[in-house]
Amino acid sequence: MPKDSGIGASSKRREDVRFLTGTGNYTDDINLHGQAYVHFLRSDVAHGRLNKVDTSVAAEMPGVVRIFTGADFEGVGGLPCGWQVTDKHGNPMQEPAHPVLAQGKVRHVGDPIAAVVAETAAQARNAAEAIELDIEELPAVIDMKEAVKEGATKVHDDLDSNLCYDWGFVEENKAAVDEAFEKAAHVTSLELVNQRLVANPMEPRVAVGDYNRATGDSTLYTTSQNPHVIRLLMGAFVLGIPEHKLRVVAPDVGGGFGSKIFHYAEEAFCTFAAKALARPVKWTSSRSEAFISDAHGRDHVTKIELALDADNNFTALRTDTYANMGAYLSTFAPSVPTWLHGTLMAGNYKTPLIYVNVKAVFTNTVAVDAYRGAGRPEATYQLERVIDKAARELGVDPVALRRQNFITEFPYATPVAVEYDTGDYNATMDKLLEMVDRDGFEARAAESAKSGKLRGFGVNTYIEACGIAPSALVGQLGARAGLYESATVRVNATGGLVVMTGSHSHGQGHETAFPQVVADMIGIPENMVEIVHGDTANTPMGMGTYGSRSLAVGGSAIVRATEKIINKAKKIAAHLMEASEGDVELKDGQFTVAGTDKSVAWGDVTLAAYVPHNYPLEELEPGLEETAFYDPANFTYPAGAYACEVEVDPDTGKVTVCSFAAADDFGNVVNPMIVEGQVHGGLAQGIGQALLEGAVYDENGQLLSASYMDYAMPRADDLPSFQVDHSCATPCTHNPLGVKGCGEAGAIGSPPAVVNAVVDALQRGGHNVTHIDMPLSPGRVWQAMNG
Amino acid sequence: MYEFEFKRPGTIADAVAAIGAEEAQLLGGGQTLLPTMKQRLAAPAVLVSLGGISEMQGVCTDDAGRICVGGGTTHAAVSAATAESYPALSHLAGHIGDPAVRNRGTIGGSLANNDPAACYPAAVLASGANVVTNTREIAADDFFEGMFTTALNDGEIITEVKFPVPVAASYQKFLQPASRFALTGVFVAKFAGAVRVAVTGASEDGVFRWSEAEAALSADFSPDAVDGLSVSADGMIADMHGSAAYRANLVKVLTKRAVSAC
Ligand SMILES: Cc1cc2nc3c(=O)[nH]c(=O)nc-3n(C[C@H](O)[C@H](O)[C@H](O)COP(=O)(O)OP(=O)(O)OC[C@H]3O[C@@H](n4cnc5c(N)ncnc54)[C@H](O)[C@@H]3O)c2cc1C
């Protein structure tokens, strides 16, 4: 029986009422008295020496308040990187300075050179055009393999080279892996590109800085997934503002997909300028600006090799990846191709020996950082592509080859440093095959052939590590932050609850799902619970939302805090009922004493907590408010099996996705409707990557796909109606809800299914095509078929 | 966007007077011009809107049986008005952009702009339509002069377009995945005497007539008639969405499909 409230119910998303009726409060809706507007003058060349930035004419233009350049930030900190990777020789990565406004050089198209603050946005833009620049253009380094060659132009003159790090994982296994390849009965290798993507959240970035002259406090309103992280990074490393004098507010945020995790120059600028000018300063990104200033995603070039024995068991895996960092290190950039990627290379398979090499490279392009899935899509894609290729080479069924190599016993320690707690990969594969009617494929293929189309079937599995992350572990791996989550549960006298969470919702539905958990634990209606998030002034220090961590980590903190509330409430109830605490039970919002007819209601107890007339004041403080910090014991490991059927038009190369099925194991599910929505969105993004999206630079570092005229976003009619299932649940063993996380799965698991299906279609059609790089645009598919 | 003066004349004569001003530019539906102005790539001092000129609105049929479309008529209005009289034209107009674009954008603006990937130029050229301006009537074959260039003089206003109606016609548009303009589009129009084939989206010189196909189809109006022809990749557009060879292939594929659909 589906529940109609609490854990497991598809409660309607309460936040959607304001989003859909235009009453949300986004950062751009915030307008402060006396605010000025900033326009950033950005570099239109990819690489150049800044000989002169002359603002004298511009400064006299109408409405100009002040123009800032790199010189104004000389005594100010640069944008910090939150993760230090150690290379295969034990040395720290090369870490370049990242000034708020360019100093000395510009390093990518979009690099901010000057910031004009004026009375109106149009005046700021007009004046920015009057700034005289003398930029001596330098050769741009765009291609990663060229960038690391001897003698390549350096993006950062003060670094040794363009190589950020050369990472080997697990370096100690390298010799054994190489040896296994020598002994292998079969080796399949594949070179592929996981192309650069632009996140494109619906809401572009916005920042409003404010400074209170009376108190000396600074406030930043910003489109962030993690306001506390911004407060810490910007306060401590950039502007030198102690956290108690700095408030960061991320109100309603219209999507992030990772791109709003990072601390950006514009945030620091607005906070800095608001203080310098003693008036609020606002920046709203245009879509064009977003393309050249939001962190991009992916951009890996990989060679992967899979070794198999004579019985088709995987014996070793070896990968060689170039990962683009762009011109600067964005906040978590170094961790993405390493700890979020190398650790996932085992996938769902018991390959005993794995070696991952990653070279992170600086180029004259926009910085690259985490984007939905972050590292895990890159791992999944190459692994599931090479397995598919191996199955073809060996003439075996791709499903059978996968099944034969599945991990079946848990917990399972992979050779790449992580331990999967639970899973059942055969169960999700069984479910998937049931959903897709694989037996009916030949008939459908024959039907497609009648209209001249080639039909193909593609399948893959995925695993991801989410619920990020055990703090002590990630600290050892180079994280410069802890990755716990926090919650404060405040019960009001009349029984309603306010939950202040360090998680941040920018579309995920926390305001609906979190109350389901709390209401269920107490046995009260969900509408008695309100969620507060996004403001450092009224939430406990939390790490925000990314890496499918909010329910697994943030939700666990809420459970822990609610448990503390219930424990204390039971003490109060015991006093009111003159019973012993151990005998008190809480069910459906009623406290009872086992074996008696005594009972008090939830509201009686909460009232007593705040009107403590009849109250055990000697033993218990009044009030009912508790905080918990939850630091996970392990990552969580959602996994699943995905399948896709495509039709390829051989005349034009156009790929149509006919069906897409996803069987996921997310552990326990709090709100099935929200989970489905998350999977749908993830699939759209993953299929978008497979078929449509791609950021393209020319050799001079100009972004050619810098608008929707050329950057193809997935539209509803590009997608089929999805079949999704999450009934194969193996609950997480180490968090109190048994949940694993579902936010990124769709984007991680879907690209290989699509590409596998297209290759299958072409091969069935008699074309000897073994691989096509994404996006599988009609032009590329046709080119592959026609040499 | 920079500041500009806005004029909304009610007659063609007043528009002609207004467009004489320094740095004045005509405004149709603004679907091309306004984004360009927002990007600050165009900066007219005066915008002369054609939206208030009723004599440039609407669709009618003249004595010669031609469909006459007012130069200020929106794509949506054209699509609705020609559904029965010229279905291929109606279909083309009904598949330009999205509803917002179709309800603002005009035939005159599209033709004056002559985007190499635009749809209307293919219909006008394949139909052998005449473009009527405030000063003259220009045959389609003389109107299009290459990417974003036409026979129009500065300030010349497209007031009407006269389409002869073919016996059968079809427009096959292959979508550029991002913009959904024509990556390549082929309009085939079969008249009593001859067949005209116009191709948009493919050539670096903008819309063009594929004369070999016209000859072959005039002799034998069947998809197979095109089989033996080859389209050269020379001069075809190459970009991230498709190579020159790919576009050359599409020209042939879409021509065959258009013939089949006729
Ligand atoms: C999202 C989007 C999708 C689109 N998709 C397509 C598509 O699939 N296919 C397609 O063909 N087009 C497409 N377009 C372009 C659209 O059709 C435009 O409406 C058209 O190109 C320009 O018409 P307009 O009336 O908006 O002209 P405007 O933008 O107002 O003007 C364009 C130019 O024409 C001049 N002009 C305007 N009217 C006249 C006139 N009567 N006489 C002389 N000069 C004039 C103007 O001065 C200007 O130089 C798309 C546009 C958008 C924004």
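Rules and cut-offs
- Residues numbered from 1 in each chain as written.
- Chains lettered and ligands numbered in written order.
- Predicted model: local features only at pLDDT ≥ 70, side-chain atom pairs only at ≥ 80, totals over all residues.
- Heavy atoms only, no water.
- Buried < 20%, exposed > 50% of the residue type's maximum accessible area, 1.4 Å probe, protein only.
- Helix = DSSP H or I, 4+ residues; strand = E, 2+ residues; numbered from the N terminus.
- Arc of directions from axis to C-beta.
- Contact = heavy atoms within 4.5 Å.
- Pairing = 2+ DSSP bridges.
- Right-handed = clockwise from strand over helix to strand, strands pointing away.
- Polar contact = N/O pair within 3.5 Å; in protein donor to acceptor, adjacent residues only side chain to side chain.
- Near = heavy atom within 4 Å.
- Areas by Shrake-Rupley, 256 points an atom, 1.4 Å probe, with all protein chains shown as cover.
- Nonpolar A, V, L, I, M, F, W, Y, C, P; charged D, E, K, R; others polar.
- Axes fitted to C-alpha atoms, helices over the stretch in contact; angles between N-to-C directions.
- Buried area = accessible area lost by both parts, 1.4 Å probe.
- Salt bridge = Lys/Arg side-chain N within 4 Å of Asp/Glu carboxyl O.

*Asks:* Report on helix α5 (residues 174–183) of chain A, specifying residues and quantitative values.
*Replies:* All names here are of chain A. By the burial criterion, the buried members of α5 are V177, A180 and F181. Looking down the long axis of α5, one finds its buried residues gathered within 100° of arc, a one-sided arrangement. Exposed side chains of α5 directed beyond 90 degrees from the buried face belong to A175, E182 and K183. In this structure, the buried residues of α5 make contact with β8 (186–198), β13 (296–308), β14 (314–326) and β15 (353–362).

*Asks:* Talk me through the environment of A24 of chain B; I want residue IDs and the actual numbers.
*Replies:* Within the fold, A24 of chain B resides in strand β2 (residues 24–27). Each residue touching A24 of chain B, except ones within four places of it in the same chain, is listed here: A18, I19, V46 and V48 of chain B.

*Asks:* Quick rundown of the pairing of strand β21 (residues 529–532) of chain A? Include the residues and the values.
*Replies:* Residues and elements named next belong to chain A. Because side chains alternate across β21, one face comprises the buried residues V529 and I531, and the other comprises E530 and V532, none of which is buried. Inspection of the sheet shows strand β20 (residues 497–501) paired to β21 by four bridges, in the parallel sense. Counted as the bridge partner of L497 is V529 from β21. Considered for its hand, the β-α-β crossover made up of β20, helix α14 (residues 510–522) and β21 is right-handed.

*Asks:* Quick one: what's the story with the side chain of Q94 of chain A, residue by residue and with numbers?
*Replies:* All names here are of chain A. Tracing the sequence through the fold places Q94 in the loop between β3 (64–69) and β4 (105–106). Looking at Q94, its side chain comes within polar contact range of the main-chain nitrogen of D160, at 2.9 Å. Here the side chain of Q94 touches S161 through a polar contact of 3.4 Å, side chain to side chain.

*Asks:* Account for the site of the ligand, with residues named and values stated.
*Replies:* All names here are of chain B. The immediate surroundings of the ligand are formed by 29 residues, with L26, G29, G30, L33 and T106 found nearest. Burial of the ligand by the protein chains amounts to 89% of its free accessible area of 960 Å². Residue assignment for the shell around the ligand shows that the elements contributing at least two residues are β2 and α6 (107–113). Of all the elements, α6 adds the most residues to the shell around the ligand, at four residues. Broken down by class, the residue content of the shell around the ligand amounts to 13 nonpolar, 13 polar and three charged.

*Asks:* Describe in detail the sheet that holds strand β27 (residues 655–665) of chain A, supporting the description with residues and values.
*Replies:* Residue and element names in this part refer to chain A. An order of β18-β26-β27-β28 is seen for the four strands of this open sheet, with the pairing classed as mixed. One side of each edge strand has no neighbouring strand; the edge strands of this open sheet are β18 (454–463) and β28 (722–725). Averaged over all neighbouring strand pairs, the angle between strand axes comes to 10°, with direction disregarded. Across ten bridges, β18 lies against strand β26 (residues 639–648) in antiparallel orientation.

*Asks:* Describe in detail the interface of chain A and chain B, supporting the description with residues and values.
*Replies:* The interface is formed by 25 residues belonging to chain A together with 21 residues belonging to chain B. When the two sides are added together, the surface that chain A and chain B hide from each other amounts to roughly 1900 Å², 51% of it contributed by carbon and sulfur. Contact with chain B buries surface across chain A, with M709, R715 and W782 of chain A losing the most and accounting together for 24% of the total. Taken together, chain A and chain B are joined by five salt bridges. Between R180 of chain B and D718 of chain A there is a salt bridge whose closest N-O contact spans 3.2 Å. Looking at the side of chain A that touches chain B residue by residue, the classes come out as ten nonpolar, six polar and nine charged.

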